[in-house]
Amino acid sequence: PGRLVAGIDAKGGRVATDGWLEVTDVAATDLARQLADAPLAAIVYTDIARDGMMEGVNVAATVEVASAASIPVIASGGITNMLDIEHLAAVRSAGIVGAITGRAIYEGSLDLAQAQAQIQQRRLLHALGRQRLDQAPVAGLGRDVRGQHPVAATRTQPDRRSWPTVQRTHPP
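Just so it is clear, the model here is predicted, and its values are computed rather than measured.

(A) Representation of helix H2 (residues 59-69) within the structure. The complete set of buried residues in H2 reads Val 59, Ala 61, Thr 62, Val 65, Ala 66, Ala 68 and Ala 69. As for H2, its buried residues are in contact with strand E1 (4-11), helix H1 (28-35), strand E4 (40-47), strand E5 (73-76), helix H3 (82-90) and strand E6 (96-100). One or two positions beyond H2, positive phi appears at Ser 70, with a value near 55 degrees.

Quick look at the structure:
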């Protein structure tokens, strides 16, 4: 349980089978609902109309599948550049947990290291929202996670790997 990943390949919101040669009348969201109780780790959702086309990921359809399944979803098909990664990261709360890309990497329109760094930064920012302000790691000057109070970041150790601690510039 929890170690298998199911794939849903779809075109126009309908499940495709037989090597994508047949498009059924089954909605991808209906199949996702049927899989909701299965002991799956995730669903890989591929919009086959976009796969390898470098046209951008179908974020809306991917979110629909994730919402229908209540299982983590990995987006596939159409990822072209960092903008697609940003769009997927913006809907992470819907249950989008990853992305599969190929052509964008080997054609050079997506830098894998940059994409990984950006996702790590988003995870950090997400974690900040769940921590108390006086314990939150932040870099630079700005406002606290709620946007209410100015903060400045200072390093507690000279080690570059250590996180800075937050100092309020004035009491709340």
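Once the structure has been displayed, the description carries forward.
(B) H1, seen in detail. Of all the positions in H1, only Ala 28, Thr 29, Ala 32 and Leu 35 are classed as buried. Projected down its long axis, H1 carries its buried residues within an arc of 115 degrees, all on one side.

(C) Expanded view of the sheet that holds E4. Taken in spatial order, the six strands make up an open sheet running E3-E2-E1-E4-E5-E6, and their pairing is mixed. Each end of this open sheet is capped by a strand with a single partner; those strands are strand E3 (22-27) and E6. On average, adjacent strands in this sheet sit at an angle of 35 degrees to one another, irrespective of strand direction. Sheet topology places E4 next to E5; four bridges connect them, and they run parallel. Note that in E5 the partner of Thr 46 across the bridge is Ser 76.

(D) Spatial organisation of the confidence of the model for the chain. When pLDDT is averaged along the chain, the result is 76, and 72% of the positions lie at 70 or above. Across the chain, H1 holds the top mean pLDDT of 96, while strand E9 (residues 164-168) sits lowest at 38.

(E) A look at unusual backbone geometry. Not every positive phi belongs to a glycine, and Asp 18 is a case in point at roughly 55 degrees. Inspection of the secondary structure puts Asp 18 in the loop between strand E2 (14-17) and E3. A relative accessible area of 56% places Asp 18 in the exposed class. Even without a glycine there, the phi angle at Trp 20 is positive, about 70 degrees.

(F) Broad picture of the pairing of E2. Note: E1 against E2, two bridges, orientation antiparallel. Bridge pairing links Lys 11 to Arg 14 in E2. Connecting E1 to the antiparallel partner E2 that follows it, the hairpin turn spans two residues, and Gly 12 within it adopts a positive phi of roughly 60 degrees. Sheet topology places E2 next to E3; three bridges connect them, and they run antiparallel.

(G) A look at the pattern of salt bridges. This model, assessed by the stated rule, comprises three salt bridges. A salt bridge links Asp 30 to Arg 33; the nearest nitrogen and oxygen atoms lie 2.8 Å apart. With Asp 30 and Arg 33 both in helix H1, this residue pair falls three residues apart, about one helical turn. Since its relative accessible area comes to 48%, Arg 33 is described here as partly exposed. We note a salt bridge from Glu 107 to Arg 103, for which the minimum N-O separation is 2.7 Å.

(H) Geometry of the nonpolar core. Ile 8, Ile 43 and Tyr 45 are the most contacted members of the largest nonpolar core, which totals 28 residues. Among the elements that make up this core, the one with the highest residue count is H2 (six residues). In this view, Ile 43 contacts Val 5, Ala 6, Ile 8, Ala 32, Leu 35, Ala 69, Ile 71, Pro 72, Val 73 and Ile 74; residues no more than four positions away in its chain are not counted.

About the cut-offs
- Residues numbered from 1 in each chain as written.
- Predicted model: local features only at pLDDT ≥ 70, side-chain atom pairs only at ≥ 80, totals over all residues.
- Heavy atoms only, no water.
- Buried < 20%, exposed > 50% of the residue type's maximum accessible area, 1.4 Å probe, protein only.
- Helix = DSSP H or I, 4+ residues; strand = E, 2+ residues; numbered from the N terminus.
- Contact = heavy atoms within 4.5 Å.
- Arc of directions from axis to C-beta.
- Pairing = 2+ DSSP bridges.
- Axes fitted to C-alpha atoms, helices over the stretch in contact; angles between N-to-C directions.
- pLDDT = per-residue confidence, 0-100.
- Salt bridge = Lys/Arg side-chain N within 4 Å of Asp/Glu carboxyl O.
- Core = buried A, V, L, I, M, F, W, Y, C linked by side-chain atoms within 4.5 Å.

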